[in-house]
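Close look at the chain arrangement
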Amino acid sequence: MGEFADEQLNEKMGIEIIDWNPDRVVATMPVKGNLQPYGLLHGGANAVLAEAAGSTCAALKSGGKVTVGLELSCTHHRGVREGMVTAVATPLHVGRSTVTVEIVITDESDRRTCTARLTCMVLQNAPGE
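In short, a report on the structure.

Calculation notes
Residues numbered from 1 in each chain as written. Predicted model: local features only at pLDDT ≥ 70, side-chain atom pairs only at ≥ 80, totals over all residues. Heavy atoms only, no water. Helix = DSSP H or I, 4+ residues; strand = E, 2+ residues; numbered from the N terminus. Rg over C-alpha atoms; globule rule 2.2 N^0.38 Å. Buried < 20%, exposed > 50% of the residue type's maximum accessible area, 1.4 Å probe, protein only. Contact = heavy atoms within 4.5 Å. Areas by Shrake-Rupley, 256 points an atom, 1.4 Å probe, with all protein chains shown as cover. Salt bridge = Lys/Arg side-chain N within 4 Å of Asp/Glu carboxyl O. Pairing = 2+ DSSP bridges.

1. Re the overall build of the chain
Assigned secondary structure in the chain consists of two helices and six strands. Secondary structure of the chain in N-to-C order comes out as α-β-β-α-β-β-β-β. Against the globule reference of 14 Å for 129 residues, the chain gives a C-alpha radius of gyration of 14 Å, in line with a compact fold. Over its C-alpha atoms, taken along the principal directions, the chain stretches across nearly 45 × 35 × 25 Å. Across the 129 residues that make up the chain, the buried fraction comes to 35%. For the chain, the share of sequence-separated contacts (at least 6 apart) that also reach a separation of at least 24 residues comes to 61%. Entry remark: accessible area of the chain is about 7,500 Å², with carbon and sulfur atoms responsible for 49%.

2. Some words on the pattern of salt bridges
Inspection of every chain in the model, using the stated rule, returns four salt bridges. Between D19 and R24 there is a salt bridge, with its nearest N and O atoms 3.3 Å apart. You can call D19 partly exposed: its relative accessible area is 26%. A salt bridge links D107 to R111; its shortest N-O distance comes to 2.8 Å. Since its relative accessible area comes to 39%, R111 is described here as partly exposed.

3. Notes on the pairing of strand β2 (residues 25–30)
The element β2 is extensively covered by neighbouring structure, given that five of its six residues are classed as buried. Bridge count for strand β1 (residues 16–19) against β2 is three bridges, and the pairing is antiparallel. Residue pairing for β2: D19 is matched across the bridge by V26. Joining the antiparallel neighbours β1 and β2 is a turn of five residues. The pairing of β2 with strand β4 (residues 84–94) spans six bridges and is classified as antiparallel. Its bridge partner lying in β4, V25 is registered against A89.

4. Structural notes on unusual backbone geometry
Not every positive phi belongs to a glycine, and D110 is a case in point at roughly 65°. Turning to its location among the elements, D110 is positioned in the loop between β5 (98–106) and β6 (112–123). For D110, a relative accessible area of 61% translates into the label exposed.

Geometric descriptors of this kind do not, in isolation, establish any biological role.
Dropping the structure here:
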């Protein structure tokens, strides 16, 4: 990451990856600071959290190869006004050129707030190489 170390979106959103396992990646994010005008967790914040957990899972499942998001789909089930949300990413498909991951986001009461699916493309080289 070198020159971009100070520009990571995860840090700006308060996202922390707390479990690094190729079969299950868990990440948390505070609701505070990530709201939309009605005082609810912003749907785009859910998408960022889903992509952070899902792309980490995809990279781990691909053996550490470079993975980049190809498609992200989010269904927002319930609004969240405070606390932390937790994303659990699990692989659905692992192929040579793509990895698809399901991400379930829950609130502190373990209620599902968002379901996402991320498909990542597996690259042989880092972008720009």
